[in-house]
Amino acid sequence: MARPGGVGPRPRAAHPQRFIVFYTPNGTVMKNWRPSGDEDAFELSPILQPLESYKEELVIVDGVDALSAYHGPGDAHQKGTGQALTGTQLQEGNFKGSSDFTAGWADGISIDQKIADAIAGSTKFRSLEFGVRIKGATVSSRISYRGPAQPLPPEVDPAAGFARIFGDLHLSADERARKIAERRRVLDAVAADYERLLPRVGAADRIKLEAHLEAVRDIEGRLESGYDESGVCAPPEFSDEPDLQTLAKVPALGKLQMDLLAMAIACDLTRVASIMWANSSNIDPFPWLSIHEAHHELSHRGDSDDDAQEKLTKINTWYAEQFAYLLAN
């Protein structure tokens, strides 16, 4: 894999505020995650050790209880995912969880999108959502919500993400103007369809349609933003790998997704981004760590199973290494 490169941040008097969510599934091993000491003098735990270089900049939060998870439909994994960033209980729905549990989407806006409302400015993208081995379209595979029952799907294909984020940077001014005009025509047609539907629907559906219409207009307003005529943010190089969606290529896939996220932030194409590492009840093993049991199954073995605890610690340490890689970019 050739790592994307050739990107530099735009010159600014002060760096803009940014917000990134790094989501990993199936919990952690608290005894190997929790730092020792106090807020003024602490030692990182084995799981967090890969972040030692950033220790002085870390704020590690413990003891937070998601009270919304005690209410509403859904099993623990569905609630944990849908409520992770929204803090709202799930709607009723037909997504099947464990046993006889069912649930719908989360019932509120997620914190990343609330922050995007405040800091996105005129960037090309209000936010960017990335995923690694995300499967299906259920409450267990979405963390970002524009509003109630409005999940934002993560981009799982680096090639498609690259084309969407950076493709226009390769175009000439005339080609870019032509492409913007084409997109504007499509968006105008979609907006017109929504406006024709509005008088025909009930109050609940009207709220949803108005939210979709607002999103369309927001996209239309950003069509011409995000282009750097100075050439400081040059079109990055990109080389895709074959079979990136296979289990064995997860480390390469994750790094490529983090590279795209970091470049988009550096070019100020967005100021809010997230990366979701697998569904909330991820059943994949970690063969590159010589762990061949499913992650989800290991997480349910209990604290008394030393073998499972050791493997889960290894998995979560690996995730911390990936986070350190993102920070280094």
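In this text the structure is predicted, and so the values were computed from the model without any measurement. (Residues numbered from 1 in each chain as written. Predicted model: local features only at pLDDT ≥ 70, side-chain atom pairs only at ≥ 80, totals over all residues. Heavy atoms only, no water.)

Draft legend 1. Representation of the sheet that holds strand β1 (residues 19-23) in the model. Pairing is parallel across the open sheet formed by three strands, whose spatial order is β1-β7-β6. The sheet is open, and its two edges are formed by β1 and β6 (128-132), each paired on a single side. When strand polarity is set aside, the average angle formed by the axes of neighbouring strands in this sheet is 10°. In this sheet, strand β7 (residues 272-277) lies alongside β6 in parallel orientation, the contact comprising five bridges. Pairing of Phe130 across the sheet is with Ile275, part of β7. (Pairing = 2+ DSSP bridges. Helix = DSSP H or I, 4+ residues; strand = E, 2+ residues; numbered from the N terminus. Axes fitted to C-alpha atoms, helices over the stretch in contact; angles between N-to-C directions.)

Draft legend 2. How the structure looks around helix α7 (residues 250-266). Between its terminal C-alpha atoms α7 stretches 24 Å, which fits the 24 Å expected from 17 residues at 1.5 Å a residue. By the criterion of burial, α7 is predominantly enclosed, with 16 of the 17 residues buried. One or two residues past the end of α7 sits Asp268, with phi positive at roughly 55°. (Expected span 1.5 Å × (residues − 1). Buried < 20%, exposed > 50% of the residue type's maximum accessible area, 1.4 Å probe, protein only.)

Draft legend 3. Expanded view of the packing of aromatic side chains. Applying the stated criterion across every chain, the model contains twelve aromatic pairs. Considering the side-chain rings of Phe22 and Trp277, the 5.8 Å spacing of their centres and the 45° angle between planes classify their relative orientation as tilted. Separated by 255 residues along the polypeptide, Phe22 in strand β1 and Trp277 in strand β7 bring together distant segments of the chain. According to the relative accessible area criterion, Trp277 is buried, its value standing at 1%. Seen in terms of ring centroids, Phe22 and Phe323 are 5.1 Å apart; in terms of plane orientation they differ by 50°. Their pairing is tilted. Separated by 301 residues along the polypeptide, Phe22 in strand β1 and Phe323 in helix α9 (residues 306-328) bring together distant segments of the chain. The partly exposed category is assigned to Phe323, whose relative accessible area is 26%. Taken together through their ring pairs, the aromatic side chains of Phe22, Trp277, Phe286, Trp288, Trp318, Tyr319 and Phe323 make up a single cluster. If you follow Lys55 out to its NZ or CZ, it ends over the ring of Phe42, 5.3 Å from the centre. We note Lys255 situated over the ring of Tyr325; from NZ or CZ to the ring centre the distance is 5.2 Å. (Phe/Tyr/Trp six-rings, centres within 6.5 Å; stacked < 30°, edge-to-face > 60°. Lys NZ or Arg CZ within 6 Å of the ring centre and 35° of its normal.)

Draft legend 4. Seen up close, the environment of Ala273. Tracing the sequence through the fold places Ala273 in strand β7. Here Ala273 falls in the buried class, since its relative accessible area comes to 1%. The sequence separation of Ala273 and Ile20 amounts to 253 residues, and the corresponding C-alpha distance is 4.9 Å. The residues contacting Ala273, other than those within four sequence positions of it, are Phe19, Ile20, Val21, Leu128 and Leu261. (Contact = heavy atoms within 4.5 Å.)

Draft legend 5. Quick peek at helix α4 (residues 158-166). If you check which residues of α4 are buried, you get Pro158, Gly161, Phe162, Ile165 and Phe166. Here the buried residues of α4 occupy an arc of 100° about the axis, which is enough to place them on one side. Among the structural elements, β6 and α7 are those in contact with the buried residues of α4. Between a side-chain oxygen at the N-terminus of α4 and the backbone nitrogen of Ala159 the separation is 3.1 Å; the capping residue is Asp157. (Arc of directions from axis to C-beta. Polar contact = N/O pair within 3.5 Å; in protein donor to acceptor, adjacent residues only side chain to side chain.)

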